[in-house]
Structures are given as C-alpha cells and as structure tokens.
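If you want the building blocks of each chain, they are given just below.
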Amino acid sequence: MKAGIFVTAIVAGLLGAAQSGAQDLAEGGELYKKMCRSCHGPKAQGMASFPKLAGSTLEHLTMRLEQYRAGEKIGPNTPLMAPRAANLSDDDIINIVGFIVTTFE
C-alpha cells in the first residue's frame, strides 16, 4: 500500500513536472543521454537484451526505476540497472520518465 501511494505521488509529480516547462524535460533528456541511451538506444527502441522503453507508461517506468533503485531483483538485467538507478533521486526519476514518455511516444 505504501509503495502504491509513493508511485501515485511520483506520477502526480511527473504530470506537474511535464507541464511545468522544458527545464525538467531537458534535465531528463540529459540524464537519458548519459545513463540510458547506450543500452536502450537513441530513440528508446531497445537494443539486444535491453527492452524498448518507447511507448511504456509513466507508471510502469516509474515503478521499475524505483524497484531497481531499491535493489529489487526484477529480471536478468537487474545487475546492470540497479547500480545505475541506485543514486537516482525522486526528481531524477520524474525527469527521466517524463522525458521518455513525452519524447518517445
């Protein structure tokens, strides 16, 4: 229940962040370029064993990043994702997810 409330708060924050201006999306774009693009591709279409992110829901991406950040084992890519997500702040997650869902629909 607690996690559901947190996800809802993140989603609400993301909707506000996405509407608040390009600065948050620009930061999300920089974070995506720095942390995600080499595995998930320049257009988030996925590469090799790395899944496609384009077209994913805001809720799904937020939940996954929170799970990786918490160190939960999700699948075979957990050893690659967990260290990258470990230092993400809530704002980082909001910005990255906002960038992905608005840029790669």
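What comes next concerns the included structure. (Residues numbered from 1 in each chain as written. Predicted model: local features only at pLDDT ≥ 70, side-chain atom pairs only at ≥ 80, totals over all residues. Heavy atoms only, no water.)

**Topic: the side chain of Asn 77**
The condition that has to hold: Secondary structure elements are taken from DSSP: a helix is a run of H or I of four residues or more, a strand is a run of E of two residues or more, and numbering for both begins at the N terminus. Working definition: with a 1.4 Å probe on protein chains only, accessible area under 20% of the residue-type maximum means buried, over 50% means exposed, and in between means partly exposed. Think of a polar contact as two N or O atoms within 3.5 Å of one another; within protein, one of them needs to be a possible hydrogen donor and the other a possible acceptor, and neighboring residues in sequence only count if both atoms come from side chains. Working rule for contacts: check all heavy atoms of both residues, and any pair within 4.5 Å makes them a contact.
Here Asn 77 shows up in the loop between helix H4 (58–70) and helix H5 (78–85). The buried category is assigned to Asn 77, whose relative accessible area is 13%. At a separation of 3.0 Å, a polar atom in the side chain of Asn 77 contacts the main-chain carbonyl oxygen of Ser 49. With sequence-adjacent residues up to four places away left out, Asn 77 is seen in contact with Ser 49, Phe 50 and Pro 51.

**Some points on the packing of aromatic side chains**
Note the cut-off: Between the rings of Phe, Tyr and Trp (Trp by its six-membered ring), a pair exists once the centres lie within 6.5 Å; its type follows the angle of the planes, with under 30 degrees stacked, over 60 edge-to-face, and the other angles tilted.
In the structure shown here, the tally under the stated rule is three aromatic pairs. With 5.8 Å between their ring centres and 40 degrees between their planes, Tyr 32 and Phe 99 make a pair best called tilted. With Tyr 32 in helix H2 (residues 22–35) and Phe 99 in helix H6 (residues 90–103), this pair connects stretches of sequence that are 67 residues apart. Residue class for Phe 99 comes out buried when judged on its relative accessible area of 16%. Ring geometry for Phe 99 against Phe 104: centres 5.5 Å apart, planes inclined by 90 degrees, an arrangement best described as edge-to-face. Across this residue pair, the class does not change: Phe 99 and Phe 104 are buried. Members of the aromatic cluster, each reached through a chain of ring pairs, are Tyr 32, Phe 99 and Phe 104.

**So, H5**
Basically, it comes down to this: Picture the helix axis, draw a direction to every C-beta atom, and the arc is the one those directions span.
Within H5 the residues assigned to the buried category are Thr 78, Met 81, Ala 82 and Ala 85. For H5, the angular spread of the buried residues around the axis is 100 degrees, confining them to a single face. Among the exposed residues of H5, those oriented more than 90 degrees off its buried face are Pro 79 and Pro 83. Those residues of H5 that are buried lie in contact with helix H3 (37–40) and H4.

In short, geometric facts, not functional conclusions.
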